[in-house]
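# Breakdown of the fold
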Amino acid sequence: MLAEAVALCECGCGTIRMRVAGKSARATCREPVPIEAHGAGIQVLLFVRRGLLTSLEIVDYGDARPLAYPLPENLNLWLPPMVQID
Ligand SMILES: [Zn+2]
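### Some words on the pairing of strand β3 (residues 35-39)
Bridge count for β3 against strand β4 (residues 42-49) is five bridges, and the pairing is antiparallel. Paired with Gly39 across the bridge in β4 is Ile42. Hairpin geometry of β3 and β4 is characterised by an intervening segment of two residues between the two adjacent antiparallel strands and by a positive phi of about 70° at Gly41. Here β3 pairs with strand β6 (residues 76-78) via three bridges, running antiparallel. Counterpart to Glu36 in the pairing with β6 is Trp78.

### Considerations on the environment of Ala5
Within the element layout of this structure, Ala5 appears in strand β1 (residues 2-8). Classification of Ala5 by C-beta neighbours within 10 Å gives exposed; the count is 11. Sequence spacing of Ala5 and Met18 is 13 residues, and the spatial spacing of their C-alpha atoms is 4.4 Å. Sequence-distant contacts of Ala5, that is, excluding residues within four places in its chain, are made with Ile16 and Met18.

### Some details on the environment of Asp60
Mapped onto the elements, Asp60 comes out in strand β5 (residues 52-60). In this structure, the C-alpha to C-alpha distance between Asp60 and Ala40, residues 20 residues apart in sequence, is 8.9 Å. Leaving out residues up to four positions away in the same chain, Asp60 has contacts with Cys13, Gly41, Ile42 and Leu67.

### Describing unusual backbone geometry
With the exception of glycine, the majority of residues adopt a negative phi angle, and the majority of peptide bonds are in the trans configuration. Cis geometry is adopted by the peptide bond preceding Pro66, which originates at Arg65 and carries an omega value of -5°. Here Pro66 shows up in the loop between β5 and β6. At Arg50, a position not held by glycine, the phi torsion is positive, near 45°. Here Arg50 shows up in the loop between β4 and β5. Look at Arg50 and you get exposed, because 9 C-beta atoms sit within 10 Å.

What counts and how
Residues numbered from 1 in each chain as written. Predicted model: local features only at pLDDT ≥ 70, side-chain atom pairs only at ≥ 80, totals over all residues. Pairing = 2+ DSSP bridges. Helix = DSSP H or I, 4+ residues; strand = E, 2+ residues; numbered from the N terminus. Buried ≥ 20, exposed ≤ 12 C-beta atoms within 10 Å, placed from the backbone. Contact = placed C-beta atoms within 7 Å.

See below:
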């Protein structure tokens, strides 16, 4: 599987739209954002549609543009709570 960035938000926030090339296994996700990360005044949301990566959205609460990408060590991953299904 190869995911590539195909579009960049023109506002300067750094949000990218992605395309998955070739045949790929599809993830089973109940939510369109199965994982996100939070930092100081910033959120990073990974969107999945029909089981494939579609975008990485950067949400920040400041006015700086272009916005520098946050460093991974400055983000805390957040996973939605899971319910065990038997
Ligand atoms: Zn933007």
